[in-house]
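Results of the structural survey
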Amino acid sequence: MNITVVGAGYVGFVTGVCFANLKYKVNILDTDKEKISKINKKISPFYEKNLDSLLKSIDINATTDYREAITDADVIFICVGTPVKEDNSLDLSYVLDACKQLIEFMKKNQLIVIKSTVTPGTTENEIIPFLEKHSGLKEGKDFHLAVNPEFLREGTALYDFQNPDRIIVGCKNQNVKKIFEKLYDDFSCPKMFTDPATAEMIKYASNCFLATKVSFINEIGNICKKINVDVYDVAEGMGYDKRIGRSFLNAGAGWGGSCLPKDVKALITKAKELGVKPIILESILEVNDRQPFKIIELLKKHHQDLKGKDIGILGGAFKQGTDDTRESKAIPVIRELLKEQAVVKIYDPQAEKNLKKLFSQVKYCSAEEVLDSQAILILTGWKEFEDLEYKGKLVIDGRKINQAKKESQTYEGVCW
Ligand code: NAD
């Protein structure tokens with residue numbers, strides 16, 4: 001089976017590399033020439049643990065040419081971005097653009113798989129009609145379409161792709177089901193076959209639930225902070241309950257990234273379109289929008305006027321293990337510090353390049369230089385921050401770095 005992956009981002013590139021590792025012939029297609037040239041030089045276009053070394057051990061072709069990538073493909077995974085528009089509805093333009101470009105080279109019986117996250121109903125109501133209209137071909141007869149949402153997490157993307165908790169496939173045809181069974185034959189997890197809209201909803205419901213768990217524990221943490229209780233002890237006690245579980249109960253400065261925020265927003269918009277008031281979803285967003293400002297509040301307890309103050313930041317990526325800064329909670333904190341005319345110094349082991357695209361007014365430093373500041377804010381939970389020297393420092397911690405709590409002179413945890 002020849003596989004083509006459209007979109008060499010965090011999902012598409014990992015998907016391509018992992019299928020190539022399973023000995024499928026894989027073509028990666030992206031409109032970004034720089035990414036494609038890097039991949040062909042065996043350099044990963046972004047940071048993800050073990051990705052560079054796996055890339056060096058596999059055979060994979062990368063191209064910007066739709067003809068080259070589509071003509072011989074049996075299965076085409078669409079993995080381009082699906083951000084939200086200004087009105088917070090799903091922006092399907094990248095998916096439709098990819099569809100439009102591939103139509104010209106489509107062959108009979110090809111299977112197109114939507115791996116990008118799209119709101120429930122999108123494949124049936126928008127993507128299939130779009131492909132049929134522009135190609136003159138009929139889905140189910142001339143070509144096939146299926147939905148196969150991705151659940152990997154940046155930071156552990158390879159591991160997650162190779163060891164999924166489940167594989168969800170939305171398709172309407174027994175032959176398509178058989179293709180997926182073969183494709184995922186090496187995976188021993190539960191495989192659920194359902195219709196496209198249900199598969200799409202499973203992805204949104206899962207992401208929204210995870211976001212709810214974190215906003216919930218952040219709210220509990222905000223209460224804990226007032227009564228001198230460590231929310232991490234509370235989470236441990238809660239986590240022993242199998243109905244609750246310990247994961248995604250790590251309180252902190254809020255959740256970010258390329259998925260949870262936009263997916264929650266898109267489902268809120270979809271719900272409203274359908275006449276459903278999304279009370280819970282709107283409040284988890286509100287909790288999350290407020291959470292990073294707790295860091296500033298705590299900082300101001302110690303430095304009321306931030307003008308001219310040297311403030312060091314450890315971590316700018318939205319989470320540890322990635323260089324991705326999309327919707328990172330470091331962003332509103334840095335903006336606020338700059339607004340208050342603080343002198344901002346930052347260190348992140350992987351995200352400096354992406355941070356530089358956002359902020360030219362901050363000083364990019366080593367961890368040691370950041371530690372030499374009037375206050376240190378910890379905004380990403382990189383493991384290496386546990387090995388730094390915090391003696392004599394004022395630390396405001398948004399990510400529960402135990403070493404900082406143990407060693408620093410003055411320590412404030414955001415929710416503990
Ligand atoms: P990304 O922004 O990292 O990558 C998207 C890539 O698609 C870019 O390299 C871009 O150049 C390319 N692209 C855009 N238009 C194209 C076109 N017409 N033809 C070819 N390439 C094109 O995105 P991502 O983070 O990998 O996310 C992709 C999808 O997967 C989204 O729908 C996202 O919601 C979903 N998802 C992401 C994650 C994650 O952790 N990042 C996890 C699960 C699901």
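Since we're looking at a predicted model, the values are computed, not measured. (Residues numbered from 1 in each chain as written. Predicted model: local features only at pLDDT ≥ 70, side-chain atom pairs only at ≥ 80, totals over all residues. Heavy atoms only, no water.)

A word on the site of the ligand
Surrounding the ligand, one finds 30 residues, the nearest of these being Asp-30, Lys-35, Tyr-66, Thr-82 and Lys-262. Take Glu-154: an N or O atom from its side chain is 2.7 Å from a nitrogen atom of the ligand. Here an oxygen atom of the ligand sits 3.1 Å away from a polar atom, N or O, in the side chain of Arg-326. In isolation the ligand exposes 840 Å². Once the protein is present, 90% of that is buried. (Near = heavy atom within 4 Å. Polar contact = N/O pair within 3.5 Å; in protein donor to acceptor, adjacent residues only side chain to side chain. Areas by Shrake-Rupley, 256 points an atom, 1.4 Å probe, with all protein chains shown as cover.)

Some words on the nonpolar core
Residues Leu-314, Leu-337, Leu-377, Phe-385 and Tyr-390 are the most contacted members of the largest nonpolar core, which totals 53 residues. Element by element, the count of residues in this core is highest for helix α13 (residues 330–339), at five residues. No fewer than three residues from each of domain 2 (204–290) and domain 3 (292–413) sit in this core. Filtering out sequence-adjacent residues up to four positions away, Phe-385 remains in contact with Leu-314, Gly-315, Tyr-347, Pro-349, Ile-378, Thr-380, Tyr-390 and Ile-401. One finds Cys-18, Val-75, Val-169 and Cys-171 within the second-largest nonpolar core, a separate group that totals 41 residues. (Core = buried A, V, L, I, M, F, W, Y, C linked by side-chain atoms within 4.5 Å. Buried < 20%, exposed > 50% of the residue type's maximum accessible area, 1.4 Å probe, protein only. Helix = DSSP H or I, 4+ residues; strand = E, 2+ residues; numbered from the N terminus. Domains from an automatic or database assignment. Contact = heavy atoms within 4.5 Å.)

Observations regarding the packing of aromatic side chains
By the definition in use, this model includes 11 aromatic pairs. For the pair Tyr-232 and Trp-416, a centre-to-centre distance of 5.3 Å together with 85° between the ring planes defines the contact as edge-to-face. With Tyr-232 in helix α10 (residues 231–239) and Trp-416 in the segment after β14 (410–413), the pair connects residues that are 184 residues apart, well separated along the chain. We note that Tyr-232, like Trp-416, is buried. Connected via pairs of aromatic rings, a cluster forms that spans Phe-19, Tyr-24, Phe-77, Phe-161, Phe-180, Tyr-184 and Phe-187. In this arrangement the basic side chain of Arg-166 is found over the ring face of Phe-151, its NZ or CZ atom lying 3.6 Å from the centre. (Phe/Tyr/Trp six-rings, centres within 6.5 Å; stacked < 30°, edge-to-face > 60°. Lys NZ or Arg CZ within 6 Å of the ring centre and 35° of its normal.)

Examining the pairing of strand β12 (residues 375–378)
Burial of β12 is two-sided: the residues Ala-375 and Leu-377 facing one way and the residues Ile-376 and Ile-378 facing the other way are all buried. For strand β9 (residues 310–314) and β12, the ladder comprises four bridges, and the chain directions are parallel. Paired with Ile-313 across the strands is Leu-377, a residue of β12. Where β12 meets strand β13 (residues 394–397), three bridges bridge the pair, whose relative direction is parallel. Looking across to β13, one finds that Ile-378 is bridged to Asp-397. (Pairing = 2+ DSSP bridges.)

Some thoughts on the state of the cysteines
Enumeration according to the criterion identifies zero disulfides in this entry. Free of any disulfide, Cys-171 has its nearest neighbouring cysteine sulfur in Cys-189, separated by 15 Å. Judged by relative accessible area, which is 12%, Cys-171 ranks as buried. Free cysteine: Cys-224, not disulfide-bonded; nearest cysteine sulfur from Cys-415 at 8.0 Å. Judged by relative accessible area, Cys-224 falls into the buried class, the value being 5%. (Disulfide = S-S within 2.5 Å.)

Thoughts on the domain arrangement of the protein chain
In terms of domains, the protein chain is made up of domain 1 (2–194), domain 2 (204–290) and domain 3 (292–413). Counting residues at the interface gives 16 residues for domain 2 and 17 residues for domain 3. Interface of domain 2 and domain 3: buried area, both sides summed, is about 1,300 Å²; carbon and sulfur atoms make up 49% of it. In this structure, the connection of domain 2 to domain 3 is made through four salt bridges. Breaking the side of domain 2 that touches domain 3 down by element, the ones donating at least two residues are α9 (196–226), α11 (260–273) and α12 (279–302). With three residues, α12 is the largest single contributor of residues to the side of domain 2 that touches domain 3. Considered class by class, the residues forming the side of domain 2 that touches domain 3 number four nonpolar, seven polar and five charged. (Buried area = accessible area lost by both parts, 1.4 Å probe. Salt bridge = Lys/Arg side-chain N within 4 Å of Asp/Glu carboxyl O. Nonpolar A, V, L, I, M, F, W, Y, C, P; charged D, E, K, R; others polar.)

Looking at the side chain of Thr-4
Residue placement: Thr-4 occurs in strand β1 (residues 2–6). What makes Thr-4 buried here is its relative accessible area of 1%. Side-chain polar atoms of Thr-4 contact the backbone oxygen of Ala-69, separated by 2.5 Å. Leaving out residues up to four positions away in the same chain, Thr-4 has contacts with Asn-27, Ala-69, Ile-70, Ala-73, Val-75, Ile-76 and Phe-77.

Quick look at the packing of helix α5 (residues 93–103) against helix α6 (residues 122–135)
Relative orientation of the contacting elements α5 and α6 amounts to 30°, with a least axis distance of 10 Å. Classified by the angle between their axes, α5 and α6 sit roughly parallel to one another. Every pair of crossing elements has a handedness; the one defined by α5 and α6 is right-handed. Facing Val-95, Leu-96, Cys-99, Lys-100 and Ile-103 of α5, the residues of α6 in contact are Ile-127, Phe-130, Leu-131, His-134 and Ser-135. For the contact of α5 with α6, the per-class residue count stands at seven nonpolar, two polar and one charged. (Axes fitted to C-alpha atoms, helices over the stretch in contact; angles between N-to-C directions. Parallel < 35°, antiparallel > 145°, perpendicular 65-115°, else oblique. Left-handed = near helix turned anticlockwise from the far one by under 90°.)

Concerning the pattern of salt bridges
A complete count under the given rule lists 25 salt bridges for this structure. Across the pair Lys-405 and Asp-230 runs a salt bridge whose closest N-O atoms are separated by 3.4 Å. Linking Lys-405 in helix α16 (residues 402–407) with Asp-230 in the loop between α9 and α10, this pair joins segments that are 175 residues apart in sequence. Using a relative accessible area of 40% as the deciding quantity, one classes Lys-405 as partly exposed. Residue Asp-230 is classed as buried on the basis of its relative accessible area of 15%. Linked through salt bridges whose partners overlap, the residues forming this network are Lys-108, Lys-141 and Asp-142.

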